[in-house]
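The chain contents come next:
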Amino acid sequence: MERTVARWLGFAVPERISFLIKSSIFLSICGATLFIALASSYPAVHDTLHNARHALAVVPCH
Amino acid sequence: MSLKSLLALVAVAVSALLAAPLWAQDLNILFKTSPSIDRLRPHAGRVGLSVLVTDAAGKPIESGWAEIRLDAPKPGGFFSTDIPLVEGTRLAEMRLPLKNGKAEWQYEWPIRGEYRLAVEASTVDGKKVSKTFDITVRESSTKWLMLGGFNLGLFLFGFIAGRIFTATKGSAASLIVALLLSATALPSAVAQISQALEQTVEATLTVEPAVVGKASRITWRLDGGVNVPSKGAMLTLVITQLEEGHTVFAIEKLLVAGEFALYFQFVDGSEHSVTAVAELPGRNPIRTEQRVSVTAVEPPATAALPAMVLFLFVIALGLGVGRWSKLRVATR
């Protein structure tokens, strides 16, 4: 997939930069997912994960 | 004013100032929990609390009153507890009669930390003494274990991702499958909220609107038509969290003169029941119940920040270790 993207864009980035870009995107997605799952107040998400939040000791809930 | 008079005046003033503390030393307050304080854990069921007021000789006083105030642990740690809105607030405030020097009640601790219990006892002849007790409730080891397991899962998730992102040739497909599988292993649970009201027969039970983070006044009163015997009625008051069906507060067989009030903070934003049963000689117990729908309050988003930072750091650590392990194999 990486090669396809490089061919499509017409250039390739060094492996180290590529890793940093992929890691940043990955961490952003993880952060958003964790926030929605453990810190958001959407009733459906909150109600489903209410006990899990309390079980983790450091995740605030109500 | 002569020096003698001045000295006499100072001596009188000093003795007057010291009189109250010396008087207070005639009484002593002892506090006990069952199970013992070192075994207390949050949300681990009801704990029996008792206050014993004795005289200088260690003998329990015959009768009197104990003003009791329980404050939640102060906020301040880097990581919040699971109910941050409760931190630093008043949890309960009540005035209990001392029977043979003793006042007893039951309570379920909501969060970890150092609670402060202030007791002010007074005897019928006007003697007073006050004492503050610090009660440290440690977090349940199960919760720390769960947190450790969750972090381990996040680390492995990051580790696998780190290896995939570092991969230069093929072989990534199986790792992607492993990554997807590990992502599905997140925990789940349930909760709710609702509303109701109850009846009154020969007694009235009123509960102020309950909001997490603020103590509500609960008042129980026998109606005018009911004759209260001279020695009073025996009141049992129980507060139950209905979602999980566990009792969070209880006072049993408390001798009251037709009325009792306390301030109590409902720390869980769900439905509770407050039940009062009064026993009077020669008649059936008078039972009154109120359903209380506690208004939940969302903690501020900043309270979740330290936990989110921790989780992301663990994933990032996994990413780094995964990349390192992949490169180490490749350079061999």
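Since the structure is predicted, the reported quantities are computational estimates derived from the model, not experimental observations.

**Thoughts on helix H3 (residues 43-55) of chain A**
Reasoning step 1: Here H3(A) spans 18 Å end to end across 13 residues, near enough to the 18 Å set by a 1.5 Å rise per residue.
Reasoning step 2: Where H3(A) bends most, at Leu49(A), the angle is about 55°.
Reasoning step 3: Looking at H3(A), one finds that the buried residues are His46(A), Leu49(A), His50(A), Arg53(A), His54(A) and Ala55(A).
Reasoning step 4: Where H3(A) is buried, its residues meet helix H2 (15-38) of chain A together with helix H2 (141-166) of chain B.
Reasoning step 5: At the exit of H3(A) stands Ala57(A), carrying a positive phi of roughly 65°.

**Some thoughts on the domain arrangement of chain B**
Residues and elements named next belong to chain B.
Reasoning step 1: When cut into domains, chain B gives domain 1 (23-139), domain 2 (142-190 + 302-331) and domain 3 (203-293).
Reasoning step 2: Summarising the inter-unit geometry, the C-alpha centres of domain 1 and domain 3 are found 20 Å apart.
Reasoning step 3: The partner domain 3 presents 16 residues to the 19 residues of domain 1 that form the contact.
Reasoning step 4: Sorting the residues of the side of domain 1 that touches domain 3 by element identifies strand E4 (90-99) and strand E5 (102-107) as the ones contributing at least two each.
Reasoning step 5: The element that contributes the greatest number of residues to the side of domain 1 that touches domain 3 is E4, accounting for eight residues.
Reasoning step 6: In terms of residue class, the side of domain 1 that touches domain 3 is built from 11 nonpolar, three polar and five charged.

**Thoughts on the interface of chain B and chain A**
Reasoning step 1: Tallying the contact residues gives 40 residues for chain B and 31 residues for chain A.
Reasoning step 2: Only H2 and helix H4 (301-331) of chain B provide two or more residues apiece to the side of chain B that touches chain A.
Reasoning step 3: With 11 residues, the top contributor of residues to the side of chain B that touches chain A is H4(B).
Reasoning step 4: Of the residues belonging to the side of chain B that touches chain A, the class tally is 29 nonpolar, six polar and five charged.

**What to know about the nonpolar core**
Residue and element names in this part refer to chain B.
Reasoning step 1: One finds Val53, Ala66 and Leu235 to be the most contacted residues of the largest nonpolar core, which totals 86 residues.
Reasoning step 2: A total of 10 residues in this core trace back to one element, the largest contributor, which is H2.
Reasoning step 3: Not counting the four nearest positions on each side in its chain, alanine 66 is found in contact with Val51, Val53, Leu96, Leu98, Ala103, Val119 and Ala121.

**As for unusual backbone geometry**
All names here are of chain B.
Reasoning step 1: The amide bond that connects serine 34 to the next residue, proline 35, takes the cis arrangement and shows omega of 5°.
Reasoning step 2: Among the secondary structure elements, proline 35 is positioned in the loop between strand E1 (27-34) and strand E2 (47-55).
Reasoning step 3: One non-glycine residue, histidine 43, adopts positive backbone phi at about 55°.
Reasoning step 4: Of note, histidine 43 is situated in the loop between E1 and E2.
Reasoning step 5: Since 20 C-beta atoms lie within 10 Å of it, histidine 43 is described here as buried.
Reasoning step 6: The backbone of lysine 253 sits at a positive phi, close to 45°, despite the residue not being glycine.
Reasoning step 7: On the basis of neighbour count, lysine 253 is assigned to the exposed category, with 12 C-beta atoms found within 10 Å.

Definitions and cut-offs
- Residues numbered from 1 in each chain as written.
- Chains lettered and ligands numbered in written order.
- Predicted model: local features only at pLDDT ≥ 70, side-chain atom pairs only at ≥ 80, totals over all residues.
- Helix = DSSP H or I, 4+ residues; strand = E, 2+ residues; numbered from the N terminus.
- Expected span 1.5 Å × (residues − 1).
- Bend = angle between axes of the 7 residues up to and from the residue.
- Buried ≥ 20, exposed ≤ 12 C-beta atoms within 10 Å, placed from the backbone.
- Contact = placed C-beta atoms within 7 Å.
- Domains from an automatic or database assignment.
- Nonpolar A, V, L, I, M, F, W, Y, C, P; charged D, E, K, R; others polar.
- Core = buried A, V, L, I, M, F, W, Y, C linked by C-beta atoms within 7 Å.

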